[in-house]
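Single-letter residue listing:
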Amino acid sequence: MKIAEKKLITPYKSNLVNLQITEEEKKSILRRSHSLQKIQLTNRNICDLELLATGAFTPLDNFMGKEDYKRVLEEMRLANGTLFPIPITLSVNSDKGIKLDDECLLTDQFNNVLGLMKIAEIYEADLEKEARLVCGTNNPHHPLVAEMQSWGTYNISGDIKLLNLPFHYDFKELRSNPKQVREKLNLLGKQNVVAFQTRNPLHMAHEMMTKRAAESINGTLLLHPVIGMTQAGDIQYHTRVRSYKKLVEKYYKNYQTLLSLLPLAMRMAGPREAIWHAIIRRNFGANHFIVGRYHASPKTSQFYGEYEAHELMLKYEEEIGVKPILFSEFVYLPDEERFEETSKIKKDKKYLSLSGTDIRKKLTNGENIPEWYLRPETVEILKEAYPQKNKQGFCIWFTGLSGAGKSTIANILTNKLLEHGRSTTLLDGDNVRINLSKGLGFSKEDRDINVKRIAFVASEIVKHNGTVICAAISPYEKTRDECRSIIGKDKFIEVFVDTPLEVCEQRDEKGLYSQARQGKIKNFTGIDDPYEAPANPEIRIKTTESSAEKEAELIINYLIKNHFLIDEK
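In this text, all values refer to a predicted model and were calculated from it rather than measured experimentally.

About the cut-offs
Residues numbered from 1 in each chain as written. Predicted model: local features only at pLDDT ≥ 70, side-chain atom pairs only at ≥ 80, totals over all residues. Heavy atoms only, no water. pLDDT = per-residue confidence, 0-100. Contact = heavy atoms within 4.5 Å. Axes fitted to C-alpha atoms, helices over the stretch in contact; angles between N-to-C directions. Helix = DSSP H or I, 4+ residues; strand = E, 2+ residues; numbered from the N terminus. Parallel < 35°, antiparallel > 145°, perpendicular 65-115°, else oblique. Left-handed = near helix turned anticlockwise from the far one by under 90°. Buried < 20%, exposed > 50% of the residue type's maximum accessible area, 1.4 Å probe, protein only. Pairing = 2+ DSSP bridges. Phe/Tyr/Trp six-rings, centres within 6.5 Å; stacked < 30°, edge-to-face > 60°. Lys NZ or Arg CZ within 6 Å of the ring centre and 35° of its normal. Expected span 1.5 Å × (residues − 1). Core = buried A, V, L, I, M, F, W, Y, C linked by side-chain atoms within 4.5 Å.

**Student:** How should I be thinking about the confidence of the model for the protein chain in this particular structure?
**Tutor:** Atom-level detail of predicted coordinates should not be read off regions where pLDDT is low. For the protein chain, the mean per-residue pLDDT works out to 92, and 98% of the residues sit at or above 70. Low pLDDT (under 50) marks residues 1–5, which in the prediction has 4 contacts with non-local residues, meaning those over four places away or in another chain.

Structure follows, in structure tokens:
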């Protein structure tokens, strides 16, 4: 076995990291666990912890300390000079009371103990700089930049002992750590391994691309889809994995292909992330890595160039030790009934192409999907999980000043949606304050917590194909952008009730504006706290120009035009 193992490329810069401890150590820690402070990890932290502990991030063996963090941001290198482009950090807020040399238990959201950290460093995070350098932008429309608004102000680091891996109950046969994947690849007997990264269902062009890549190196194909955190609006991983299994069983050579799942939390950081993905795949045993167009880019292509990741991979391929296999767009040549890269066909050649967005539109509109694009097995699985758009969930998010008319229009709209057969949940700002956010004040932090709670509840309703209307002031643009990411950009309809401040004051039966101007109410939006108007809402309403019922009808027309509702007239 040792001889066979030498065939695969070695892990990146060191032996595989392994933070798991013995049962004896684990029992010793658990006996005194009641006296230890707990840090509840986010989903992103949990994904990172699992990959740290099992060696996928080798040579990294803990959440980054200050020197690693600073140099990774500025130079894409750890403090010792090793190329590593993405910061892996654990953030906390200053009010947690964590001190140096404390031992803290790391838990999941259900307080299951995952690990123990001895705090060696506490340092201030520079999230503005991190966004600008890692994501290449501070634009809150970038999903990671939006998410950063909820991160803590400090990062912590220290030695980690893993007591338990995160608990997974699905697709157990496909969940393998780097050591296990290497063992399976060795059994397939090929020295060359090419890895393919995806967060989408495989279409025919992907299939042709991956097969061609494996054949070009006379090696094994590691199909390595991400099932951790991807991007809001992506197709759920359970659906994707079902389709991967079908395709691998029926259309790939079993002696040349290994399907394994990767619980990675993506950053959507484009070129930097491509380098990171290649390093991770080296740790799993791959010495080649497929890089396509817009690698690890958000759905909008405004942040990174089409082949920017190609350029960065070529620059660092020798240092990483992983050779990129670069592809331009694969298109279908109907006259020849085959796929080819656009860079290899004549300009006047007729070809067909569809995007993932096109396919989602066809699914939601009930249209047929051509067989040259998706295998019929994949289409059937997607249809089960991706109903037509008028049967999917969506969120109408009203924003505007107090007294603008949000609640009035929202109530009318609720009845009109019921008329169209859509059962609708209304999350009104005042009711949420009483039932969901009791005890919160009106500081910026408390406002953000309140709005994000609304977004979380709304996202759960939308996820299960329900309709939800949220009517809250939600004054800050960055927070609204984060809510859009939480709920899903293609299911979030922002309605700006654009009513002038003076009109809102005239309508104020409760006298809140008057009290705010007298200083009796602090942090009142529009008086001593700002309201950041949406720059590009889906719908803008001016209540001074038409009635609330007409404005509700305008929203209904928008929903019909965009296929969220069927026109029953």
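Okay, back to it.
**Student:** Is there a simple way to explain the packing of helix α10 (residues 270–283) against helix α11 (residues 308–320) in this structure?
**Tutor:** To describe two helices that pack against each other, one gives the angle between their axes and the distance between the axes. For the pair α10 and α11, interaxial distance at closest approach is 8 Å and the crossing angle is 40 degrees. With respect to α11, the axis of α10 lies oblique. The hand of the α10/α11 crossing is right-handed. Facing α10, whose interface residues are Pro 271, Arg 272, Ala 274, Ile 275, Ala 278, Ile 279 and Arg 282, α11 presents Glu 308, Ala 309, Leu 312, Met 313, Tyr 316 and Ile 320.

**Student:** Even after reading the chapter, I still don't get the pairing of strand β18 (residues 492–497), so can you show me in this structure?
**Tutor:** A regular strand carries its side chains on alternate faces of the sheet. By the criterion of burial, β18 is predominantly enclosed, with 6 of the 6 residues buried. Side chains Phe 492, Glu 494 and Phe 496 of β18 all project onto a buried face; the interleaved residues Ile 493, Val 495 and Val 497 project onto the opposite face, where all are buried too. Relative to β18, strand β15 (residues 394–399) runs parallel, the two sharing 5 bridges. Bridge pairing links Phe 398 to Val 495 in β18. By the bridge criterion, 3 bridges tie β18 to strand β19 (residues 539–541) in an arrangement that is parallel. In the sheet register, Val 497 faces β19, and the bridge partner there is Ile 541.

**Student:** Would you mind going over the packing of aromatic side chains with me for this structure?
**Tutor:** One pair of aromatic rings is described through two measures. These are the centre distance and the angle between the planes. For the structure on display, the rule yields 12 aromatic pairs. On the numbers, 5.5 Å between centres and 40 degrees between planes, the contact of Phe 57 with Trp 276 is tilted. Taken together, the positions of Phe 57 in the loop between α3 (43–54) and α4 (66–75) and Trp 276 in helix α10 put the pair 219 residues apart, joining distant regions of the chain. Both residues of the pair, Phe 57 and Trp 276, count as buried. Ring geometry for Tyr 69 versus Tyr 123: centroids 5.5 Å apart, planes at 50 degrees, classification tilted. With Tyr 69 in helix α4 and Tyr 123 in strand β5 (residues 121–124), this pair connects stretches of sequence that are 54 residues apart. A network of ring pairs unites the aromatic residues Tyr 332, Phe 339, Trp 372 and Tyr 373 as a single cluster. Looking at Lys 211, its charged tip hangs above the ring of Tyr 252, at a distance of 5.2 Å from the centre.

**Student:** How should helix α20 (residues 548–561) be read in this particular structure?
**Tutor:** Count 3.6 residues to each turn of an α-helix, and residues three or four apart come out pointing the same way. An ideal rise of 1.5 Å per residue puts 20 Å on 14 residues; α20 measures up with 20 Å between its terminal C-alpha atoms. If you check which residues of α20 are buried, you get Glu 551, Ala 552, Ile 555, Ile 556, Leu 559 and Ile 560. If you follow the buried residues of α20, they end up packed against β15, α14 (406–419), β18 and β19. Looking one or two residues beyond α20, the residue adopting positive phi is His 563, at roughly 70 degrees.

**Student:** How should I be thinking about the nonpolar core in this particular structure?
**Tutor:** Within soluble globular proteins, side chains that are nonpolar tend to cluster in buried spots. Judged by nonpolar contacts, the single largest core of 76 residues is most densely connected at Phe 57, Met 64, Ile 88, Leu 264 and Ile 320. Looking at which element gives the most residues to this core, the answer is α10, with 6 residues. For Leu 264, the contacting residues outside a window of four places in its chain are Cys 47, Leu 51, Phe 57, Val 226, Gly 228, Met 229, Trp 276, His 277 and Ile 280.

**Student:** Would you mind going over the environment of Ala 214 with me for this structure?
**Tutor:** Of note, Ala 214 is situated in helix α8 (residues 204–216). Here Ala 214 falls in the buried class, since its relative accessible area comes to 1%. If we skip the residues at most four places from it in the chain, Ala 214 touches Val 194, Gly 219, Leu 221 and Gln 256.

**Student:** Just checking my understanding: could you explain the sheet that holds β18 for this structure?
**Tutor:** Where strands meet in a sheet, backbone hydrogen bonds hold them as pairs that are either parallel or antiparallel. One open sheet holds the 5 strands; their spatial order is β16-β17-β15-β18-β19, and the pairing between them is parallel. Only two strands of the sheet have a single neighbouring strand rather than two, namely β16 (424–428) and β19. Across the sheet, the mean angle from the axis of one strand to that of its neighbour is 15 degrees, orientation sign disregarded. Packed on one face of the sheet, helix α17 (residues 477–487) meets β15 and β18 and runs near 150 degrees to β18. Sheet strands in contact with α20 are β15, β18 and β19, and its direction is about 170 degrees off that of β19.

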